[in-house]
Amino acid sequence: MTNHRVSYTLDSTLETVDSAERTATRIASETGFDDDEVMRIAMAVREAAVNAVLHGNAYDPGKKVILAFERIGQDLVITIQDQGKGMDLNKIPDPLAPENLLKTSGRGIFLIRSFMDEVQIHPSQAGTEIKLIKHVHGPSGGGKEASQ
Amino acid sequence: MSMKASSRQVDGVTIVDCSGRITLGEGSVILKDAVRELLSKGQKKILLNLGDVSYIDSSGIGELVSAFTTVRNQGGDLKLLNLTKKVHDLLQITKLYTVFDVKEDEATAVKSFK
């Protein structure tokens, strides 16, 4: 993937979550990341897709999830966009706080931030856009290139 | 690979052998149903063998926490056995490794239940 963008428009279903993870696995692998990094990137994308489908679009069949992958310089940039009401950043809990450790949810954004180099969350009334950035390292600054 | 769970009894402890992926949807539901069924039969000493679990997402982690608290609230105990490196690392970064009683050897784990 050399400075080009691929994007997918997906339904608000659980299949989208699995599909987003599979696509992230393939593209991260083709970009040259090792197996551990591929797993981390794919899990971050999966968690972002879960947020988009469940919390953003709330499974609304009339709303879509836009998933895009782009190689910008030395970065793999992944964007997941929903068409929901917009995430309230003040309501993202700290799952490591003692009072939250035994909560059964609320770890998605934390895992995303743990696994990516940079995470930008842009909520708006038209939905939430989350941008996941992973720096590409390697002897030629990018390892293997993705197949076109 | 979807999740599978089968249970067996060893010295009064129910060992649930899990395999596949514990993720949002089917995987989490299978785990929840397996634990509920055991509790309904009065089997409250539960050892989750995660040795063949290849992947857990945040929903799966939530389901593990839910199973743990549900069993504890009913006076039982739930422990984890044979974590893969991926699952071990996930529990470390979420600070849950110290919440769960994690065992590496089945015989020792079974004996550790009171």
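This section reports on the structure supplied with the text. (Residues numbered from 1 in each chain as written. Chains lettered and ligands numbered in written order. Predicted model: local features only at pLDDT ≥ 70, side-chain atom pairs only at ≥ 80, totals over all residues.)

Let us look at the overall build of chain B. For chain B, the helix and strand inventory stands at 4 helices and 5 strands. Along its sequence from the N terminus, chain B presents helices and strands in the succession β-β-α-β-α-β-α-β-α. Rg of the C-alpha trace for chain B: 13 Å, near the compact-globule value of 13 Å for 114 residues, within the 12% margin. Within chain B, the proportion of its 114 residues that are buried is 43%. Counting only contacts in chain B whose residues sit at least 6 apart along the sequence, the fraction spanning at least 24 positions is 70%. (Helix = DSSP H or I, 4+ residues; strand = E, 2+ residues; numbered from the N terminus. Rg over C-alpha atoms; globule rule 2.2 N^0.38 Å. Buried ≥ 20, exposed ≤ 12 C-beta atoms within 10 Å, placed from the backbone. Contact = placed C-beta atoms within 7 Å.)

Another aspect to go through is the sheet that holds strand 3 (residues 45-56) of chain B. All names here are of chain B. Strands sit in the order 1-2-3-4-5 across an open sheet of 5 strands; the sheet is mixed. Of all strands in the sheet, those with a lone pairing partner are strand 1 (4-10) and strand 5 (102-103), marking the two edges. Pairing of strand 1 with strand 2 (residues 13-22) involves 7 bridges; the strand directions are antiparallel. Note on strand 2: the bridge partner recorded for Ser-6 is Asp-17. The strands that helix 1 (residues 26-40) touches are strand 1, strand 2 and strand 3; relative to strand 2, the one it contacts most, it runs at about 170°. (Pairing = 2+ DSSP bridges. Axes fitted to C-alpha atoms, helices over the stretch in contact; angles between N-to-C directions.)

All right, on to the interface of chain A and chain B then. Taken residue by residue, the interface counts 17 residues in chain A and 15 residues in chain B. Elements with a minimum of two residues in the side of chain A that touches chain B: helix 1 (14-31), helix 2 (35-56) and helix 3 (108-115) of chain A. Among the elements that take part in the side of chain A that touches chain B, helix 2 of chain A stands out by supplying 5 residues, more than any other. Counted by class, the side of chain A that touches chain B contains 10 nonpolar, 4 polar and 3 charged residues. (Nonpolar A, V, L, I, M, F, W, Y, C, P; charged D, E, K, R; others polar.)

Bridge count for strand 3 (residues 75-81) of chain A against strand 5 (residues 127-135) of chain A is 7 bridges, and the pairing is antiparallel. Each bridged residue has a counterpart across the sheet, and for A:Thr79 the counterpart in strand 5 of chain A is A:Lys131.

Everything listed here is a matter of geometry and, on its own, says nothing about what the molecule does.
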